[in-house]
Amino acid sequence: MPQSFNISGPWGGRYWYNDFVEEPVPFSAWLSVADGALTGTTLEPNTFLFNGPEELDAELQGGVHGALVQFDKVYPGVEQPAVWYDGLLSESGNRIFGSWVFRKPGELSGRFEMTRIMTKTRATAGGSARAR
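Figured I'd write up the structure that's included with this text. (Residues numbered from 1 in each chain as written. Predicted model: local features only at pLDDT ≥ 70, side-chain atom pairs only at ≥ 80, totals over all residues. Heavy atoms only, no water.)

### Considerations on the pairing of strand E8 (residues 109-116)
Note the following rule: Any two strands between which DSSP finds at least two bridges are classified as paired. Numbering goes from the N terminus for both helices and strands, where a helix is a DSSP run of H or I of at least four residues and a strand is a run of E of at least two.
Sheet topology places strand E1 (residues 9-17) next to E8; seven bridges connect them, and they run antiparallel. If you follow Trp 11 over to E8, its bridge partner there is Arg 116. Examined bridge by bridge, strand E7 (residues 95-102) and E8 share seven bridges and lie antiparallel to one another. The residue bridging Trp 100 from the neighbouring strand is Gly 110, located in E8. Connecting E7 to the antiparallel partner E8 that follows it, the hairpin turn spans six residues, and Gly 106 within it adopts a positive phi of roughly 80 degrees.

### Description of the packing of aromatic side chains
How we decide: Only the six-membered ring of Trp is used, alongside the rings of Phe and Tyr, when aromatic pairs are assigned; centres must lie within 6.5 Å, and planes under 30 degrees apart are stacked while those over 60 apart are edge-to-face, with the rest tilted. Using a 1.4 Å probe on the protein chains alone, a residue whose accessible area is under 20% of its type maximum counts as buried, one over 50% counts as exposed, and one in between counts as partly exposed. The criterion is that NZ of a Lys, or CZ of an Arg, lies within 6 Å of the ring centre and within 35 degrees of the ring normal, and then a charge sits over that ring.
Going through the model one piece at a time under the given rule, you end up with nine aromatic pairs. For the pair Tyr 15 and Tyr 17, a centre-to-centre distance of 5.7 Å together with 70 degrees between the ring planes defines the contact as edge-to-face. The exposure classification of Tyr 15 matches that of Tyr 17, with both residues buried. Through successive ring pairs, a cluster of aromatic residues spans Tyr 15, Tyr 17, Phe 27, Trp 100 and Phe 102. The residue whose ring lies beneath Lys 73 is Phe 27, and the NZ or CZ to ring-centre distance is 5.9 Å. Directly above the aromatic system of Trp 16 lies the positively charged group of Arg 111, at a separation of 3.7 Å from the ring centroid.

### Side note on the nonpolar core
Just so we agree on the cut-off: Within this scheme, the nonpolar core is defined by two criteria: the residues are buried Ala, Val, Leu, Ile, Met, Phe, Trp, Tyr or Cys, and they are joined through side-chain atoms within 4.5 Å. Two residues form a contact once any of their heavy atoms are found within 4.5 Å.
Within the largest apolar cluster, 25 residues are counted, with the highest numbers of intra-cluster contacts made by Ile 7, Tyr 15, Ile 96 and Met 114. Not counting the four nearest positions on each side in its chain, Tyr 15 is found in contact with Pro 24, Val 25, Phe 27, Glu 44, Thr 47, Lys 73, Tyr 75, Tyr 85, Trp 100, Arg 111 and Phe 112.

### Let's talk about the pattern of salt bridges
Definition in use: Here, a salt bridge means any side-chain nitrogen of Lys or Arg that lies within 4 Å of a carboxyl oxygen of Asp or Glu.
For the structure shown, the criterion picks out four salt bridges. The closest approach of N and O atoms between Lys 73 and Glu 44, which form a salt bridge, is 2.9 Å. Residue Lys 73 is located in strand E5 (residues 68-74), and its partner Glu 44 is located in strand E3 (residues 37-45); the two are separated by 29 residues in the primary sequence. Neither Lys 73 nor Glu 44 differs from the other in exposure class; each is buried. Of the charged contacts in the structure, one is a salt bridge between Arg 95 and Glu 113, with a shortest N-O distance of 3.4 Å. With Arg 95 in strand E7 and Glu 113 in strand E8, this pair connects stretches of sequence that are 18 residues apart. Overlapping salt bridges bring together Arg 14, Arg 95 and Glu 113 as one network.

Interpretation note: all reported values are geometric properties and have no functional meaning in isolation.
Structure, rendered in structure tokens:
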């Protein structure tokens, strides 16, 4: 089990649909975790709303319990059930991977992975700083 990590901050990710779409859908996410409660937002290309916007934003709400990261994803203004994400945090604390499913029996499902986007700068041996 990974040590305790603060997973708040920016993440990049992608998800796959089971069975019928081979290409992953990229997304960006901002996670905020306090006392085990997770909130956040995502932005992704629109892959399912006909005549909808080019990109969709969503709101996240869930929890982090040890290595377990779980949340509902809801698209504001879109009439559909929430999407349930059930993931595991990697040993390094820099990746989350798992599965997703619509909270309605018989609906779509798939898998996902997320990678932390490093935002801190770190001094190099030559004295300059670079983003990591």
